[in-house]
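# Reading the structure
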Amino acid sequence: DAGVTQSPTHLIKTRGQHVTLRCSPISGHKSVSWYQQVLGQGPQFIFQYYEKEERGRGNFPDRFSARQFPNYSSELNVNALLLGDSALYLCASSLRQTTNEKLFFGSGTQLSVL
Amino acid sequence: GQSLEQPSEVTAVEGAIVQINCTYQTSGFYGLSWYQQHDGGAPTFLSYNGLDGLEETGRFSSFLSRSDSYGYLLLQELQMKDSASYFCAVSSGYSTLTFGKGTMLLVSP
């Protein structure tokens, strides 16, 4: 079975532009989360979606938004890109929405903002 | 707020045992997880402790003391392939993790 897939793998944008990152969860998984990982740091929680509804939001500005589609895939959108948005963006899926759920991560999208 | 503390780097030789500690301060706590991440790769789940005590999975074990807000990951019979970053993460909500900054483990021959 395929794992969590993310596209694109790498992306280069300039300040002020908009970006859309995509994630396909493991088949049957209904929960998708997004994390930002800056070099040398741990992943930082951005959003969690379950059954197409936003169930959690981290401490990120409104420039960040996301949605989950009926097939449980998800998009992360970032507007008005800043240099500080350069990071690895990780998507994770899980079967359910529980407090002890094992997360399955994709390999991420490496975003560089110039 | 929430914070997790773990050593930034640990070195060991093949065949040895290494322990990576994690202390945490969180406003909500359901359990402590450990993830492994190789350079350029996806974080992969290693273990989860929801209750106090030791959980063992093959060469890896994880311990939690909720009263001390402390946990550790124990890696035995180290192999070169274990060289990676290891993250402790607090489960603070449904499918929501707060990660530490990570510990880079370097295993030498």
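Structure: above.
In this report, we go over the structure that sits alongside the text.

Quick notes on the rules
Residues numbered from 1 in each chain as written. Chains lettered and ligands numbered in written order. Predicted model: local features only at pLDDT ≥ 70, side-chain atom pairs only at ≥ 80, totals over all residues. Heavy atoms only, no water. Helix = DSSP H or I, 4+ residues; strand = E, 2+ residues; numbered from the N terminus. Buried < 20%, exposed > 50% of the residue type's maximum accessible area, 1.4 Å probe, protein only. Lys, Arg positive; Asp, Glu negative; His and termini not counted. Charge placed at Lys NZ, Arg CZ, Asp CG, Glu CD. Pairing = 2+ DSSP bridges. Axes fitted to C-alpha atoms, helices over the stretch in contact; angles between N-to-C directions. Contact = heavy atoms within 4.5 Å. Buried area = accessible area lost by both parts, 1.4 Å probe. Salt bridge = Lys/Arg side-chain N within 4 Å of Asp/Glu carboxyl O. Polar contact = N/O pair within 3.5 Å; in protein donor to acceptor, adjacent residues only side chain to side chain. 1 Å grid on protein atoms, 1.4 Å probe; cavity = no way out; pocket = protein on both sides within 12 Å on 5 of 7 lines; lining within 4 Å. Points joined across faces, edges and corners; volume = space filled by probe spheres on them. Nonpolar A, V, L, I, M, F, W, Y, C, P; charged D, E, K, R; others polar.

## Quick notes on the overall build of chain B
Each helix and strand in chain B was counted, giving zero helices and 11 strands. Each helix and strand of chain B, placed in order from N terminus to C terminus, yields the pattern β-β-β-β-β-β-β-β-β-β-β. For chain B, the C-alpha atoms occupy an extent of roughly 40 × 30 × 20 Å along the three principal directions. Residue burial in chain B is summarised as follows: out of 109 residues, 49% are buried. In chain B, 4 side chains carry a positive charge and 10 a negative one; their mean positions are 5 Å apart.

## Things to note about the sheet that holds strand β1 (residues 3-5) of chain B
Residues and elements named next belong to chain B. Strand order in the open sheet made by the five strands is β1-β3-β8-β7-β6, with antiparallel pairing throughout. Sheet topology places β1 and β6 (53-57) at the edges, where each strand pairs with a single neighbour. The average undirected angle you get between the axes of adjacent strands in this sheet is 20°. Inspection of the sheet shows strand β3 (residues 18-25) paired to strand β8 (residues 70-75) by six bridges, in the antiparallel sense. Each residue of the ladder has a partner; that of Asn21, found in β8, is Tyr72.

## As for the interface of chain A and chain B
Counting residues at the interface gives 24 residues for chain A and 17 residues for chain B. Taken as a group, Pro43, Thr99 and Phe105 of chain A account for 32% of the area that chain A buries against chain B, more than any other trio of residues on that side. If you look at where chain A meets chain B, you find zero salt bridges. Joining chain A to chain B, the criterion identifies three residue pairs in polar contact (both at pLDDT 80 or more).

## Points about the layout of surface pockets
To find the voids left in a structure, one rolls a probe of water-molecule size over its atoms. Considered as a void within the structure, the largest pocket measures approximately 1,200 Å³ in volume. What lines the largest pocket is a set of 48 residues, and nearest its centre among them are Gln37, Val38, Gln41, Gly42 and Pro43 of chain A. At four residues, strand β10 (residues 96-99) of chain B tops the list of elements feeding residues into the lining of the largest pocket. Looking at the lining of the largest pocket residue by residue, the classes come out as 12 nonpolar, 32 polar and four charged.

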